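Summary of the model geometry
In case you want the letters, here they are:
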Amino acid sequence: MAKTVSPGVQALRDVVEKVYRELREAKEAGEPVGWSSSKFPCELAESFGLHVGYPENQAAGIAANRDGEVMCQAAEDIGYDNDICGYARISLAYAAGYRGANKMDKDGNYIINPNSGKQMKDANGKKVFDENGKPVIDPKTRKPYATTDNIYEIAALPDGEEKTRRQNALHKYRQMTMPMPDFVLCCNNICNCMTKWYEDIARRHNIPLIMIDVPYNEFDHVNEANVKYIRSQLDTAIRQMEEISGRKFDEDKFEQCCQNANRTAKAWLKVCDYLQYKPSPFNGFDLFNHMADVVTARGRVEAAEAFELLASELEQHVKDGTTTAPFKEQYRIMFEGIPCWPKLPNLFKPLKANGLNITGVVYAPAFGFVYNNLDELVKAYCKAPNSVSIEQGVAWREGLIRDNKVDGVLVHYNRSCKPWSGYMPEMQRRFTKDMGIPTAGFDGDQADPRNFNAAQYETRVQGLVEAMEANAAKKGN
Ligand code: SF4
């Protein structure tokens, strides 16, 4: 039975569902639809009424639905290097027509064990798909009972049994049915992998690429030359969107979209700030799930309303002295980096067992773009985690550690995200030196489960717990 969720959480789920549904409907109606990097100013496309999907969010969803490994492998099989970010590999495989699919034999009745090639019948009691239709992991091979197929190959087949069988075997969840793009929107404030990834999609589909180049910023402020440079690119982007949409830029609509985005950002930051209460009124792990909501729908007024509703629910928890965390908070930790989406249960279990609540999520407030005018919009979009200096990064995090009363830091050395993971050893050193708290790191990946080892993770969490205990004893707590 599906878990009951609060009205605020349900409202967020509904708005994301709506965004995906409208994207599919727009494509079916023949309107141009786009793919956008998560920190491209969404206000622009929104003001033109252009529907866009978000490949990073899509890849996270595909990974959480346990198709990350087969999609990464599909990308590698067509020549993309294993060292490329897992989100990019999943998206590039998707753009090339690959989709997660059930493994079946030629009659379409059985599922094939990917390792032995033997048939496995559901009727024999083998549980190969769970109640939500997600492939479970084969306990022997540790590989999912899933494969990929290619929609272009299927489309080229003559009508008949094989074509129908292969079409039916494709996974149908919303991230796996996102329509192909007619244009792409890329902003490299996230990382430069993004630039090559979107160029590749634009070339493969022969579609326009709208690019906003954000220079790396080594200062604690954004200088005027950069603001001017980025604003001129916004002007070009507006002209390109006029061509794509066939509509003129409407300043009033743009203003309205900016107001919606600001309202969402403020409500989102308010939700994040409830983690400052001790004990926290919610399980910080839940913020990971809401990342999809803020990425996909932050320009929508419904998203602003849903986050405001969620904030009011948290306010009530604070008043009542209750929490949504399913365990008693013993220690408060900051989680550094993007979670391993295919391994969320493995991440959560040892935290719950040791009473560790995540009350600091570096990744989350990075989507709180608040501004009052166009120059401030530009400056807000310059402040993504990977586009600022280490000094700025340390200052943000140490503010979070202080305000959210963090006892220790758990660092995800994410094989996909080299720009983020590269400076973490120095950050760990600084957190302990400046804030007097222990840290521990573990190896993983946000999308490719082959790079995560549950035993190593559990050991590192245990080490962090012991270090926090020793720290608390030293302070006499
Ligand atoms: S920021 Fe990291 S995770 Fe995101 S696209 Fe770039 S490399 Fe991948």
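Here is a short report on the structure shown in this document.

1. A short note on the overall build of the protein chain
- Assigned secondary structure in the protein chain consists of 18 helices and twelve strands.
- Against the globule reference of 23 Å for 477 residues, the protein chain gives a C-alpha radius of gyration of 23 Å, in line with a compact fold.
- When its C-alpha atoms are laid out on the principal axes, the protein chain stretches across 75 × 60 × 40 Å.
- Here the protein chain, with 477 residues, has 44% of them falling under the buried criterion.

2. Examining the site of the ligand
- The environment of the ligand is formed by 13 residues, the closest being Cys 85, Ile 190, Cys 191, Cys 193 and Cys 417.
- When its residues are assigned to classes, the shell around the ligand shows nine nonpolar, three polar and one charged.

3. A short note on helix α17 (residues 424–435)
- Counted at 1.5 Å a residue, the expected span for α17 with its twelve residues is 16 Å, and the 15 Å between its end C-alpha atoms agrees.
- Just downstream of α17, Gly 436 is the residue with a positive phi angle, here 70°.

4. Regarding the environment of Pro 350
- The residue Pro 350 is located in helix α13 (residues 344–353) in this model.
- Between the C-alpha atom of Pro 350 and that of Ala 237, which follows or precedes it by 113 residues, the distance is 46 Å.

5. Remarks on the sheet that holds strand β10 (residues 356–361)
- Reading across the sheet, the four strands line up as β10-β9-β11-β12 and stay open at both edges, with parallel pairing between neighbours. If you trace the sheet from one side to the other, it starts and ends with β10 and β12 (439–444), each paired once. For this sheet, the mean inter-axis angle between neighbouring strands, taken without regard to orientation, is 30°.
- Here strand β9 (residues 331–336) runs beside strand β11 (residues 408–414); their pairing, made up of four bridges, is parallel. Paired with Ile 333 across the strands is Gly 408, a residue of β11.

6. Some words on the environment of Lys 163
- Within the secondary structure, Lys 163 is located in helix α7 (residues 161–169).
- Along the chain, Lys 163 and Lys 228 lie 65 residues apart, while their C-alpha atoms are 53 Å from each other.

7. Quick look at the pairing of strand β8 (residues 209–212)
- Pairing geometry for strand β7 (residues 183–187) and β8, over four bridges, is parallel. The residue bridging Val 184 from the neighbouring strand is Leu 209, located in β8.
- Taken together, β7, helix α8 (residues 193–205) and β8 form a β-α-β motif whose crossover is right-handed.

8. Things to note about the packing of helix α9 (residues 224–245) against helix α14 (residues 374–381)
- Where α9 meets α14, the axes come as close as 10 Å, and the angle between the chain directions of the two elements is 100°. Taken together, α9 and α14 sit at an angle that is classed as roughly perpendicular. Residues Val 227, Ile 230 and Arg 231 of α9 form the contact with α14, whose participating residues are Leu 374, Asp 375, Val 378 and Lys 379.
- Each residue belonging to the contact of α9 with α14 can be placed in one class, and the counts come to four nonpolar, no polar and three charged.

9. Quick word on unusual backbone geometry
- The omega torsion across Lys 278 and Pro 279 is -5°, close enough to zero to call that bond cis.
- Examined against the element boundaries, Pro 279 turns out to sit in the loop between α10 (251–273) and α11 (285–297).
- Here Lys 405, not a glycine, exhibits a phi torsion of approximately 50°, which is positive.
- Its location among the elements puts Lys 405 in the loop between α15 (390–403) and β11.

So, how was this worked out
Residues numbered from 1 in each chain as written. Predicted model: local features only at pLDDT ≥ 70, side-chain atom pairs only at ≥ 80, totals over all residues. Helix = DSSP H or I, 4+ residues; strand = E, 2+ residues; numbered from the N terminus. Rg over C-alpha atoms; globule rule 2.2 N^0.38 Å. Buried ≥ 20, exposed ≤ 12 C-beta atoms within 10 Å, placed from the backbone. Near = placed C-beta within 6 Å. Nonpolar A, V, L, I, M, F, W, Y, C, P; charged D, E, K, R; others polar. Expected span 1.5 Å × (residues − 1). Pairing = 2+ DSSP bridges. Axes fitted to C-alpha atoms, helices over the stretch in contact; angles between N-to-C directions. Right-handed = clockwise from strand over helix to strand, strands pointing away. Parallel < 35°, antiparallel > 145°, perpendicular 65-115°, else oblique. Contact = placed C-beta atoms within 7 Å.

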